[in-house]
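Here is what each chain is made of, one letter per residue.
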Amino acid sequence: MLTSLTKDVILAVVFLFYPFFLLILAKGLDRTGVRKDWSRKTVHILMGLVILAIPLFDHLWIALIPPFIFALINYADLKLGIFSQISGEDEGNVGAVLY
């Protein structure tokens, strides 16, 4: 039987990998010829659905770890341009970091 803390850590790890899955999906959509703005919107919509998983956590501070890490990754992407699939047309837009 899993303790609630262990369950929350497992959920956090799953949600830590979920955005990488979405980036792979966006890359696949780009390769199939889907417009870049549709690919980006798909990632944002699917990422927004993660909020529905918050009630699954017993320890809400653990639920905050993956979004915090990805805010840092999005900030690094803003400066370095690593993930072109989530970047909009506006260079230097902090929207993804704040989202």
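Look up a bit, the structure's there.
Thresholds, definitions, all that
- Residues numbered from 1 in each chain as written.
- Predicted model: local features only at pLDDT ≥ 70, side-chain atom pairs only at ≥ 80, totals over all residues.
- Heavy atoms only, no water.
- Helix = DSSP H or I, 4+ residues; strand = E, 2+ residues; numbered from the N terminus.
- Buried < 20%, exposed > 50% of the residue type's maximum accessible area, 1.4 Å probe, protein only.
- Contact = heavy atoms within 4.5 Å.
- Areas by Shrake-Rupley, 256 points an atom, 1.4 Å probe, with all protein chains shown as cover.
- Phe/Tyr/Trp six-rings, centres within 6.5 Å; stacked < 30°, edge-to-face > 60°.
- Lys NZ or Arg CZ within 6 Å of the ring centre and 35° of its normal.
- Expected span 1.5 Å × (residues − 1).
- Arc of directions from axis to C-beta.
- Axes fitted to C-alpha atoms, helices over the stretch in contact; angles between N-to-C directions.
- Parallel < 35°, antiparallel > 145°, perpendicular 65-115°, else oblique.
- Left-handed = near helix turned anticlockwise from the far one by under 90°.
- Nonpolar A, V, L, I, M, F, W, Y, C, P; charged D, E, K, R; others polar.

Draft legend 1. Inspection of the overall build of the protein chain at higher detail. Within the protein chain, the secondary structure is distributed over five helices and zero strands. Along the protein chain, helices and strands appear, N-terminal first, in the series α-α-α-α-α. Per-residue burial for the protein chain yields a buried fraction of 22% across its 99 residues. Within the protein chain, residue pairs in contact and separated by at least 24 positions form 68% of the contacts whose partners lie at least 6 positions apart. Of the roughly 6,900 Å² of accessible surface on the protein chain, a fraction of 72% belongs to carbon and sulfur atoms.

Draft legend 2. The packing of aromatic side chains, seen in detail. Summed over all chains, the structure comprises two aromatic pairs. Residues F15 and F57 carry aromatic rings whose centres are separated by 6.2 Å and whose planes lie at 45° to one another, so their mutual orientation is tilted. Of this pair, F15 sits in helix α1 (residues 4–31) while F57 sits in the loop between α2 (36–48) and α3 (60–63), placing them 42 residues apart in sequence. Pair check on accessibility: F15 and F57 agree, each one buried. The ring of W38 carries the charged tip of K41 above its face, separated from the ring centre by 5.5 Å.

Draft legend 3. Region of interest: the environment of F15. For F15, a relative accessible area of 17% corresponds to the buried category. For F15 and I65, which are 50 residues apart along the polypeptide, the C-alpha to C-alpha distance reads 9.5 Å. Among residues more than four places away in sequence, those in contact with F15 are V50, A53, F57 and P66.

Draft legend 4. Focus on helix α4 (residues 65–80). Over its 16 residues, α4 extends 22 Å from the first C-alpha to the last, a length consistent with the 22 Å expected when each residue adds 1.5 Å. Looking only at α4, the buried set comprises P66, F70, N74 and D77. Taken around the axis of α4, the buried residues stretch over an arc of 70°, which confines them to a single face. Counted as exposed and oriented over 90 degrees from the buried face of α4: F68 and K79. A positive phi of about 70° marks G81, the residue just after α4.

Draft legend 5. Local environment of the packing of α1 against α2. Contact pair α1 / α2: the axes reach a minimum separation of 9 Å and the direction vectors enclose 160°. On the basis of the axis angle, α1 is roughly antiparallel to α2. Seen along the crossing, α1 lies across α2 with a hand that is right-handed. Touching Y18, P19, L22, L25, A26, L29 and D30 of α1 are K36, S39, T42, V43, L46 and M47, all from α2. A class-by-class count of the residues in the contact of α1 with α2 yields nine nonpolar, two polar and two charged.

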